[in-house]
Amino acid sequence: MKIFTSAQIHELDQHTIAHEPIKSIDLMERAAQALTQAITEEWTNRTPVVVFAGPGNNGGDALAVARMLTEKGYTVSVYLFNTSNKLSEDCAINKKRIVEAKKADLFKEITLNFEPPTLDADTLVVDGLFGSGLNKPLNGGFASLVKYINQSACQVVSIDLPSGLLPEDNTFNVRTHIIKANLTLTLQQKKLAMMLPDMQCFLGRVKVLDIRLSEEFINKTDATYTILEEQDVRQKLLHRSCTAHKGDMGHALLVAGSYGMAGAAVLATRACLRAGVGKVTVCSPQRNNDILQISVPEAVMRADADENVFSEPVDTDDFDALGIGPGLGQDETTAIAMIAQVRRAQCPVVVDADALNMLGTHRAWMQQLPKNIILTPHPKEFDRLVGNTCGGSYERLQKAIELAQRLHGYVLLKGHHTALCLPDGHVIFNATGNAGMATAGSGDVLTGIITGLAARGYQPADACAVGMYLHGLAGDLAAKELGQESMTAGDIVRFIPQAFKRLND
């Protein structure tokens, strides 16, 4: 699924109107029908509804929804805010329609003073104040109304976007002036803000409603941001030949673990094997030997010369991919060995965890990273690499895009919707995963999966995309059976086979 900017969304609407062809008011009616259907699936007509409509087309949608809900037997009170005495053309038409229908329990057009209604726990508020066309933070009376709604006990369903939320960059927005919805019914496509972790508190559940906007325009228009979907992943899968042997399936090298952190190496190694690679060699300090040999007997253990830390790089000529970082520690000896290992690698390289932290303390080394390198930082690891991102997740995403372009590599920024930043400036958001995966070792599992896929022969972009989707899907399957509260990283590994099976089926 593509994610368009607010400007592209406007172009999509206009293209649909011009080429379907369809009148804009009829397109609004179609959107309102989809919105009404979604609302009636969640709340019965015994639920009192209060509709807050703004002066633009988002308000026009809300007025049309109010009319349709009254026709279905709902008790509806409508407040249309027209403080500048200027409604959009389609909003004015829907105002006329609802007034003439005379079915709303209450209709008030607010031009100056506003006495807010009581909003109790049984009330449903339909938020149609402002949508994706908003380009600045709310203030004045609208900001006060938002605060009033947020402080009440009512349920809120927002049309397209919670009012006050800007569709892309909310760095300088006023958080208290944004509606906190229980359900957001967004039209045709998700907006970028919906993919960012610090915006999730405003969205509630999100449903995307297909209102049949121009498929031709959507297909031909390039989007910087896309959401990875299951059919996309299925198309990227490499299937093993019925005559395959382990030599055909790749040999992965994992440099992981230090004394006391053998578990990270175990998790990454198990995940790498579950990704379908033919053979895994794990390089770890001598004192981890017994743990790894017992925990992962399928892997080859290559003991470092040092008992406690990784201290010497390994020749990578015999390997098809390298994963480095899980549980490695940040000893200076390890840091020097790490950058030497990455620099000399003649195969795809996945850098995670402590390897990223060591790059963060030796930023000049970033210039030595090979092209097509894969970095998999969580937000704090990323901030150590590039400096603090005080502007929040939008600024962090933009810096990740810049880093991927500068390195000619891949930055997989982990989070609520993990963002894969490509060297050409495009971003792919992951659609799988859940909060149960917020547990120690989850990132080590992802490193193992991506390294295994890269060793099998997946191109870097596909290894990252398939890897993050598979990782999240395994977590979703684990949560479905075990629940989110008690999930561990080992559970994610155990469900990788089921995730593969689902994709292959």
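Let me sum up the structure you'll find in this document. The numbering scheme is per chain: residues are counted from 1 as the chain's sequence reads. Since the coordinates come from a predicted model, pLDDT governs what is reported: local features require at least 70, and pairs of side-chain atoms require 80 or more to be given and counted, while whole-chain, interface and lining totals use all residues. In computing side-chain values, all of the structure's heavy atoms are included and hydrogens and water are not.

## Some remarks on the environment of Leu80
1) Next: Within the secondary structure, Leu80 is located in strand E3 (residues 76-81).
2) Next: With a 1.4 Å probe rolled over the protein chains alone, any residue whose accessible area is under 20% of its type maximum counts as buried; one over 50% counts as exposed, and the rest are partly exposed. When its relative accessible area of 0% is taken as the criterion, Leu80 is described as buried.
3) Next: On a C-alpha basis, the gap between Leu80 and Val51 in space is 8.2 Å, while along the polypeptide they are 29 residues apart.
4) Next: Only heavy atoms enter the contact rule, under which two residues are in contact if any of them lie within 4.5 Å. Ignoring anything within four residues of it in the chain, the contact list for Leu80 reads Ala53, Gly54, Leu63, Leu87, Cys91, Lys95, Phe107, Lys108, Glu109 and Ile110. A run of DSSP states H or I qualifies as a helix once it reaches four residues; a run of E qualifies as a strand once it reaches two. Both are numbered from the N-terminal end.

## Quick look at helix H16 (residues 460-482)
1) Next: How far a helix is expected to stretch is found by multiplying one less than its residue total by 1.5 Å. With 23 residues, H16 extends 32 Å from end C-alpha to end C-alpha; this agrees with the ideal 33 Å at 1.5 Å per step.
2) Next: Counting buried positions along H16 yields 17 of 23 residues, so the element is predominantly enclosed.
3) Next: The first or second residue beyond H16 is Gly483, which carries a positive phi of 85 degrees.

## A few points about the pairing of strand E5 (residues 124-128)
1) Next: Judged by how many residues are buried, E5 sits mostly within the fold: five of five residues are covered.
2) Next: In E5, alternate side chains face the same way, and those of Leu124, Val126 and Gly128 on one face and Val125 and Asp127 on the other are all buried.
3) Next: Only when DSSP finds a minimum of two bridges between them are two strands counted as paired. Pairing geometry for strand E2 (residues 49-53) and E5, over five bridges, is parallel. Residue pairing for E5: Val50 is matched across the bridge by Val125.
4) Next: Pairing of E5 with strand E6 (residues 155-159) involves four bridges; the strand directions are parallel. By the bridge assignment for E6, Leu124 is matched with Gln155.
5) Next: Orienting the strands away from the viewer, one traces the path from the first strand over the helix to the second; a clockwise path indicates a right-handed crossover. Considered for its hand, the β-α-β crossover made up of E5, helix H5 (residues 140-151) and E6 is right-handed.

## Concerning the packing of helix H2 (residues 24-42) against helix H3 (residues 57-71)
1) Next: Interaxial distance between H2 and H3 falls to 8 Å at its minimum, and their mutual angle equals 55 degrees. Relative to H3, the element H2 is oriented oblique. Pair H2 / H3 crosses with right-handed handedness. Taking contact as the criterion, the partners of Met28, Glu29, Ala31, Ala32, Gln33, Leu35, Thr36, Ile39 and Thr40 in H2 are, on H3, Asn57, Gly60, Asp61, Ala64, Val65, Arg67, Met68 and Leu69.
2) Next: The classification used treats Ala, Val, Leu, Ile, Met, Phe, Trp, Tyr, Cys and Pro as nonpolar, Asp, Glu, Lys and Arg as charged, and all other residues, Gly among them, as polar. Here the contact of H2 with H3 is built from residues that sort into nine nonpolar, five polar and three charged. Every axis in this analysis is a line fitted to C-alpha atoms, fitted for helices over the stretch in contact. Angles between the N-to-C directions lie between 0 and 180 degrees. Angle categories are assigned with fixed cut-offs, so that under 35 degrees is roughly parallel, over 145 is roughly antiparallel, 65 to 115 is roughly perpendicular, and the rest are oblique. In this scheme the handedness of a crossing depends on how the near helix is turned from the far one: anticlockwise by less than a right angle means left-handed, clockwise means right-handed.

## As for the nonpolar core
1) Next: The biggest cluster of nonpolar side chains holds 58 residues, and the ones touching the most others in it are Leu420, Val445, Ile449, Leu453 and Ile496.
2) Next: Counting only elements with at least two residues in this core, the list comes to strand E10 (251-255), helix H9 (262-274), strand E11 (279-284), strand E16 (410-413), helix H15 (442-456), H16, helix H17 (489-494) and helix H18 (496-504).
3) Next: Ignoring anything within four residues of it in the chain, the contact list for Leu453 reads Ala275, Tyr458, Ala463, Val466, Gly467 and Phe500.
4) Next: To qualify as a nonpolar core, a set must consist of buried Ala, Val, Leu, Ile, Met, Phe, Trp, Tyr and Cys residues joined through side-chain atoms within 4.5 Å. Formed by 56 residues, the second largest nonpolar core is a distinct cluster that contains Leu161, Leu196, Leu203 and Met338.

## A few points about H15
1) Next: Relative to the 21 Å expected for 15 residues at 1.5 Å per residue, H15 spans 21 Å between its end C-alpha atoms, a close match to the ideal helical length.
2) Next: In terms of burial, H15 is a largely internal element, 15 of the 15 residues being buried.
3) Next: With its phi angle positive at about 120 degrees, Gly457 sits one or two positions after the end of H15.

## Brief notes about the pattern of salt bridges
1) Next: Only one rule defines a salt bridge in this text: a Lys or Arg side-chain nitrogen within 4 Å of an Asp or Glu carboxyl oxygen. Overall, the coordinates contain 17 salt bridges when judged by the stated rule.
2) Next: Between Lys191 and Asp160 there is a salt bridge, with the nearest N and O atoms lying 2.7 Å from each other. You can see Lys191 sitting in the loop between strand E7 (183-187) and helix H6 (200-203) and its partner Asp160 sitting in the loop between E6 and E7, a full 31 residues away along the chain.
3) Next: Judged by relative accessible area, which is 2%, Lys191 ranks as buried.
4) Next: Ionic pairing is found between Lys414 and Asp352, a salt bridge with its closest N-O pair at 3.3 Å. Highlighted residues: Lys414 in the loop between E16 and strand E17 (419-421) and Asp352 in the loop between strand E14 (349-351) and helix H12 (353-361), separated in sequence by 62 residues.
5) Next: Since its relative accessible area comes to 15%, Lys414 is described here as buried.
6) Next: For Asp352, a relative accessible area of 1% translates into the label buried.
7) Next: Salt bridges here are not isolated pairs; linked through shared partners, they connect Glu29, Arg67 and Arg97.

## Quick notes on the packing of aromatic side chains
1) Next: Aromatic pairing here means that ring centres of Phe, Tyr or Trp (its six-membered ring) are within 6.5 Å. Orientation follows from the plane angle: under 30 degrees is stacked, over 60 is edge-to-face, and everything else is tilted. This model, assessed by the stated rule, comprises nine aromatic pairs.
2) Next: The interplanar angle of 85 degrees and the centroid separation of 6.1 Å between the aromatic rings of Phe4 and Phe217 together place this pair among those described as edge-to-face. With Phe4 in the loop between strand E1 (2-3) and helix H1 (6-19) and Phe217 in helix H7 (residues 215-220), this residue pair connects regions lying 213 residues apart in the sequence.
3) Next: Seen from their ring centres, Tyr79 and Phe114 are 5.6 Å apart, and the 75 degrees between their planes marks the pair as edge-to-face. Of this pair, Tyr79 sits in strand E3 while Phe114 sits in the loop between strand E4 (106-110) and E5, placing them 35 residues apart in sequence.

## Side note on the sheet that holds E1
Strands in a sheet are paired, the pairing made by backbone hydrogen bonds, and the direction either parallel or antiparallel.
1) Next: Spatially, the eleven strands line up as an open sheet ordered E1-E9-E18-E17-E16-E15-E14-E13-E10-E11-E12, and their pairing is mixed. Each end of this open sheet is capped by a strand with a single partner; those strands are E1 and strand E12 (300-303).
2) Next: Bridge analysis of E17 against strand E18 (residues 427-429) gives three bridges, and the strand direction is antiparallel. By the bridge assignment for E18, Cys421 is matched with Val427.
3) Next: Each of E10 and E11 is contacted by H9, which is oriented at about 165 degrees to E11, the strand it contacts most.
4) Next: Contacts from H16 reach strand E15 (374-375), E16, E17 and E18 within the one sheet, and its direction differs from that of E16 by about 10 degrees.

## Re the sheet that holds E4
1) Next: Across the sheet, seven strands lie side by side as E4-E3-E2-E5-E6-E7-E8; this open sheet has parallel pairing. The sheet is open, and its two borders are formed by E4 and strand E8 (205-209), each paired with just one other strand. Taken over all neighbouring pairs, the strand axes of this sheet differ in orientation by 15 degrees on average, direction set aside.
2) Next: With five bridges connecting them, E7 and E8 associate as parallel partners. By the bridge assignment, Leu185 is partnered in E8 with Lys207.
3) Next: Helix-sheet contacts for helix H4 (residues 89-101) involve E3 and E4, and the interaxial angle to E4 is about 145 degrees.

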